[in-house]
Amino acid sequence: MTPTMVTALAALGGVLVGALVVTVAFDLRIRYDERKEKRRRQLDHKVKEIETLLVLNKKIQEILQKRSATMAEYVSFDGFDDAYITVDDYVYLQSFSAQNNFYLPNYIIEEFFKQIGQRKVILTPEETVNIGGYAYKGGRVLLEHFSDTLMELVDERKAQLKQLSNEELTYFSH
């Protein structure tokens, strides 16, 4: 082999090694960007879950606070643990749950509506219109328990969010 051929083969080898290095580096960068985007989407999803749970809990708290303002309507009910939910509030809870079902735990929501539906006091349509909503025997305790469950879920999601945001993201991590 002539010195020119050796130089040409060495140059070709250098080009191939350089191309291999660039290909590996490019692949590492693509994977890193994909993992970074996936993590960003997971963080966004957790934040949206937390926001949705907090909005639902806020509405439950508003329903619980309305009792003192409508105490005169409770004259016919025996227990302190009865709940009064206006038609608007009940429709809001159902539509909010349906619109945000991707961010809400379906089992807990379905169980809540099933339990609250079983406690509904049967009133004539005129009585329902007079008080502007529905009465639920023992519903206050159920609403408070549901609110506590929502807050537990918020705490869990916050812990998951913190863990996810504290994960180190490197070029060689999976």
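Computed from a prediction, not measured in an experiment: that's the story for all the values here.

Q: Report on the overall build of the chain, specifying residues and quantitative values.
A: The secondary structure content of the chain amounts to five helices and two strands. Counting from the amino terminus, helix and strand elements in the chain follow one another as α-β-α-α-α-β-α. Taken over C-alpha atoms, the radius of gyration comes to 30 Å for the chain, far larger than the 16 Å a tight globule of 174 residues would show. Along the three orthogonal principal directions, the C-alpha set of the chain runs to about 110 × 25 × 25 Å. Counting across all 174 residues of the chain, residues that qualify as buried make up 32%. Within the chain, contacts between residues separated by at least 24 positions form 78% of all contacts whose residues are at least 6 apart in sequence. In the form shown here, the chain has an accessible surface area of approximately 11600 Å², with 59% of it arising from carbon and sulfur atoms. Across the chain, 22 positive and 25 negative side-chain charges occur, with their mean positions spaced 6 Å apart.

Q: Which residues make up the pattern of salt bridges, and what are the values?
A: Applying the stated criterion to the full structure yields 12 salt bridges. For R41, the salt bridge is made with E37, and the minimal N-O distance between the two is 3.9 Å. With a gap of four residues between them, R41 and E37 both fall in helix α1 (residues 3-69), about one helical turn apart. A residue is classified by how much of its surface remains accessible, and R41, at 47% relative accessible area, is partly exposed. For D89, the salt bridge goes to K59, with nearest N and O atoms at 2.9 Å. Of this pair, D89 sits in helix α2 (residues 87-99) while K59 sits in helix α1, and the two are 30 residues apart along the sequence. You can call K59 buried: its relative accessible area is 14%. Through salt bridges with shared partners, a single ionic network connects E37, R40, R41 and D44.

Q: Help me get a handle on the environment of E156, residues and values and all.
A: By the element assignment, E156 lies in helix α5 (residues 139-166). Each C-alpha atom of the pair E156 and F112 lies 19 Å from the other, and the pair is 44 residues apart in sequence.

Q: So what's going on with helix α3 (residues 106-118)? Which residues, and what values?
A: For α3, with 13 residues, the first-to-last C-alpha span of 18 Å sits near the 18 Å given by 1.5 Å per residue. Among the residues making up α3, those that are buried are I109, F112, F113 and I116. Projected onto a plane normal to the axis of α3, the buried residues spread over an arc of 90° and lie on a single side. Exposed positions of α3 whose direction lies more than 90 degrees from the buried face are Y107, E110 and Q118.

Q: Any chance you could break down the packing of α2 against α3 for me, citing the residues and the numbers?
A: Where α2 contacts α3, the two axes come as close as 11 Å, and the packing angle between them is 155°. One way to sum up the angle between α2 and α3 is to call them roughly antiparallel. Here the hand of the crossing between α2 and α3 comes out left-handed. Touching Y90, L93, Q94 and S97 of α2 are I109, F113 and I116, all from α3.

Q: An account of the packing of aromatic side chains is requested, with residue identities and associated values reported.
A: Applying the stated criterion to the full structure yields six aromatic pairs. Look at Y90 and Y136: their rings are 6.3 Å apart centre to centre, the planes differ by 20°, and that puts the pair in the stacked class. Of this pair, Y90 sits in helix α2 while Y136 is found in strand β2 (residues 133-136), placing the two residues 46 residues apart along the sequence. By relative accessible area, which is 16% here, Y90 ends up buried. Look at Y136 and you get buried, because its relative accessible area is 1%. The rings of Y90, F112, F113, Y136 and F146 are connected pair by pair, giving a single aromatic cluster. Its end group placed over the ring of Y92, K59 keeps NZ or CZ at 4.9 Å from the ring centre.

Analysis parameters
Residues numbered from 1 in each chain as written. Predicted model: local features only at pLDDT ≥ 70, side-chain atom pairs only at ≥ 80, totals over all residues. Heavy atoms only, no water. Helix = DSSP H or I, 4+ residues; strand = E, 2+ residues; numbered from the N terminus. Rg over C-alpha atoms; globule rule 2.2 N^0.38 Å. Buried < 20%, exposed > 50% of the residue type's maximum accessible area, 1.4 Å probe, protein only. Contact = heavy atoms within 4.5 Å. Areas by Shrake-Rupley, 256 points an atom, 1.4 Å probe, with all protein chains shown as cover. Lys, Arg positive; Asp, Glu negative; His and termini not counted. Charge placed at Lys NZ, Arg CZ, Asp CG, Glu CD. Salt bridge = Lys/Arg side-chain N within 4 Å of Asp/Glu carboxyl O. Expected span 1.5 Å × (residues − 1). Arc of directions from axis to C-beta. Axes fitted to C-alpha atoms, helices over the stretch in contact; angles between N-to-C directions. Parallel < 35°, antiparallel > 145°, perpendicular 65-115°, else oblique. Left-handed = near helix turned anticlockwise from the far one by under 90°. Phe/Tyr/Trp six-rings, centres within 6.5 Å; stacked < 30°, edge-to-face > 60°. Lys NZ or Arg CZ within 6 Å of the ring centre and 35° of its normal.

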